[in-house]
Amino acid sequence: MTPRRRQRLVLVSLLVVGVGIAASLALMALQENINLFFSPSQVRSGEAPVGTPFRLGGMVVDGSVERGDQSLDIRFDLTDTAQSVTVVFSGILPDLFREGQGIVAQGSVDDSGLFTATQVLAKHDETYMPPEVADALEKAKAMGVQ
Amino acid sequence: MSEFLAMGGYAWYVWPAYAITLLALVMSVLLPIRRHKDLKAQLTVLVRQRDTTDAS
Amino acid sequence: MNQTKANPWRRRFHELGSPPSVYALAGRLAPWLAGICLLLFAGGLTGGLFLAPTDYQQGESYRIIYIHVPAAWLSMFVYAVMAISSAIHLIWRMKLADIVARASAPIGAVYTFLALVTGSLWGKPMWGTWWVWDARLTSELILLFLYLGYMALVSAFDDRRTASRAGAILAVVGVINLPIIHFSVEWWNTLHQGPTVTKFDQPSIAVSMLVPLLMMALAFQFHYGWALLARIRSEILESERRTAWVSDLVGHRS
């Protein structure tokens, strides 16, 4: 390798390393802002803002969903397995909304800790399988528990 | 067949996704191939012109 | 130059990198890549649309995975190719590396665009929104801007060499976005789910669904090869238009 080429190799490497360090520092500084949502624990510990809108993410607690008789009103608990927050929402839910499902709700929390959502998004996991397999897994799990 | 086309009610999401992908993939080979053909034809004309001016 | 003559391997390498032989090789390889690509697409689409079972959670809408995921993978793979060729061009001043980078940019931009659009068409029914500013979607959008920025930069200079170097520097700097895209779903809370196939343990997808997905990914890979060769041929003709071999190629056939 000629000296000029070696010099250019060093320059290009330095460029990549330099930009990498700068980007890491910037992303670390922005860490909190890049997160799309707060968890129920963060809301309970007061990390989430009160009064201003933010996003709350977690799993819908089994058996907590209450629907209004005639309206689109819905009320459910959202958990991160440690803490939970009660959410009220009126509107159209995504097809994937169900108990046990991960969701992200946009809205704000009031002084009593009740979260009023203006939008509810479903967060699905990375698992793909046919329904029969899902059924079989469910059954196996149920039998293992008993 | 109509059940297949319905995609379990998601036809309006699944088929546009496939259609736009097909279109984009076809165009991204068709356009360069056509451009290559045009370029070659263009250069042929240029070279021929140059050859005739050189000869005269 | 003496060195080139002394070492036969080195000479072969240089011949391989010379524009006329690359041009000829590209012309010979293209039909093969095209054939394999079409076969893989036929197999992957049959598998993905007809044979693969319905998903337990997402129903039929999950079938968008067969174009969304390959497009997203390739959008990153093509950028990696572009960045590496740009680095080679910057360091060794290899003409062919520059041509590969220039030819890759529009193809990569198409894959990125497809990943974003098909993702949007998938997100609407499943998540409930066309778009959300989470880390994965935003970093993929930045990738599209990197491609477009590269193409704009390369075409903004009259002098081809300056244009190539400016573009190459942008491509190399932008490579930092690739790990950000890949790890975004692990580093931050995102609406986008985590990786399915590239997990270190078992992929969390049924085999009957995975096989068509891998076929489609391979089909996209060959599509990239095919489109790349087609573009490389034009790029070579364009940059070598004043050379004797191009005149021979187009002139002395009749």
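Bear in mind the structure is a predicted one, so any value in this text is a computation, not a measurement.

Draft legend 1. Local environment of the overall build of chain B. Along chain B, the regular secondary structure elements total two helices and zero strands. At 23 Å, chain B has a C-alpha radius of gyration far larger than the 10 Å of a compact globule built from 56 residues. For chain B, the proportion of its 56 residues judged to be buried stands at 34%. For chain B, the exposed area adds up to about 3800 Å²; of that, 68% sits on carbon and sulfur atoms.

Draft legend 2. Inspection of the pairing of strand β6 (residues 115–123) of chain A at higher detail. Residues and elements named next belong to chain A. Where strand β4 (residues 84–90) lies against β6, three bridges are found, and the strand directions are parallel. In the strand pairing of β6, valine 87 is matched with phenylalanine 115. Inspection of the sheet shows strand β5 (residues 102–109) paired to β6 by eight bridges, in the antiparallel sense. For alanine 105, the partnering residue across the bridge sits in β6 and is valine 120. If you look at the hairpin formed by β5 and β6, you'll find five residues sitting between the two strands, and glycine 113 has a positive phi there, around 95 degrees.

Draft legend 3. Local environment of the interface of chain A and chain C. On the chain C side, the residues contacting the 37 residues of chain A number 44 residues. Taken together, both faces of the contact between chain A and chain C bury some 3600 Å²; the carbon and sulfur share is 63%. Interface area lost by chain A to chain C is led by His124, Glu126 and Tyr128 of chain A, which between them contribute 21%. Seen at the junction of chain A and chain C, the total is zero salt bridges. Here chain A is connected to chain C by 18 residue pairs in polar contact (both at pLDDT 80 or more).

Draft legend 4. Quick look at the side chain of threonine 196 of chain C. Along the chain, the position of threonine 196 of chain C falls in the loop between α8 (177–187) and α9 (207–239). Overall, threonine 196 of chain C belongs to the buried group, its relative accessible area being 11%. Reaching out from threonine 196 of chain C, the side chain makes a polar contact with the backbone oxygen of glutamate 126 of chain A at a distance of 2.9 Å.

Draft legend 5. Region of interest: the interface of chain B and chain C. Contacts between the two partners involve 31 residues from chain B, matched on the other side by 42 residues from chain C. The largest per-residue losses of area from chain B upon contact with chain C belong to Tyr13, Tyr18 and Leu25 of chain B, which jointly make up 20% of the total buried on that side. At the junction of chain B with chain C, the criterion picks out one salt bridge. Where glutamate 238 of chain C meets arginine 35 of chain B, a salt bridge forms, and the shortest distance between an N and an O atom there is 2.9 Å. Here the side of chain B that touches chain C gets 27 residues from one element, more than from any other, and that element is helix α2 (residues 11–55) of chain B. When its residues are assigned to classes, the side of chain B that touches chain C shows 20 nonpolar, six polar and five charged.

Draft legend 6. Spatial organisation of the packing of aromatic side chains. All names here are of chain C. In this structure the tally under the stated criterion is 18 aromatic pairs over all chains. Centroid distance phenylalanine 41 to phenylalanine 220: 5.6 Å. Interplanar angle 55 degrees. Geometry classified as tilted. On the criterion of sequence distance, the pair formed by phenylalanine 41 in helix α3 (residues 19–51) and phenylalanine 220 in helix α9 is long-range, its members being 179 residues apart. For the pair formed by phenylalanine 41 and phenylalanine 220, the shared burial category is buried. Between tyrosine 111 and phenylalanine 220 the ring centres are 5.9 Å apart and the planes differ by 50 degrees, which places this aromatic pair in the tilted class. Here the residue tyrosine 111 occupies a position in helix α5 (residues 95–126), and phenylalanine 220 occupies one in helix α9, the gap between them amounting to 109 residues.

Draft legend 7. Inspection of a nonpolar patch on the surface at higher detail. A cluster of nonpolar residues, Leu22, Leu23, Val26, Met27, Leu30 and Leu31 of chain B, forms a patch on the protein surface that exposes about 550 Å² of accessible area. Structurally, the position occupied by leucine 31 of chain B is in helix α2.

Draft legend 8. How the structure looks around the confidence of the model for chain C. Residue and element names in this part refer to chain C. Taken as a whole, chain C shows an average pLDDT of 90; of its residues, 93% reach a score of 70 or greater. Of all the helices and strands in chain C, helix α1 (residues 2–6) carries the lowest mean pLDDT, 52, while helix α4 (residues 65–92) carries the highest, 96. ipTM for the predicted complex: 0.89, alongside a pTM of 0.90.

Thresholds applied
Residues numbered from 1 in each chain as written. Chains lettered and ligands numbered in written order. Predicted model: local features only at pLDDT ≥ 70, side-chain atom pairs only at ≥ 80, totals over all residues. Heavy atoms only, no water. Helix = DSSP H or I, 4+ residues; strand = E, 2+ residues; numbered from the N terminus. Rg over C-alpha atoms; globule rule 2.2 N^0.38 Å. Buried < 20%, exposed > 50% of the residue type's maximum accessible area, 1.4 Å probe, protein only. Areas by Shrake-Rupley, 256 points an atom, 1.4 Å probe, with all protein chains shown as cover. Pairing = 2+ DSSP bridges. Contact = heavy atoms within 4.5 Å. Buried area = accessible area lost by both parts, 1.4 Å probe. Salt bridge = Lys/Arg side-chain N within 4 Å of Asp/Glu carboxyl O. Polar contact = N/O pair within 3.5 Å; in protein donor to acceptor, adjacent residues only side chain to side chain. Nonpolar A, V, L, I, M, F, W, Y, C, P; charged D, E, K, R; others polar. Phe/Tyr/Trp six-rings, centres within 6.5 Å; stacked < 30°, edge-to-face > 60°. Patch = residues over 30% accessible without salt bridge, like charges linked within 9 Å, V, L, I, M, F, W, Y side chains within 5 Å. pLDDT = per-residue confidence, 0-100.

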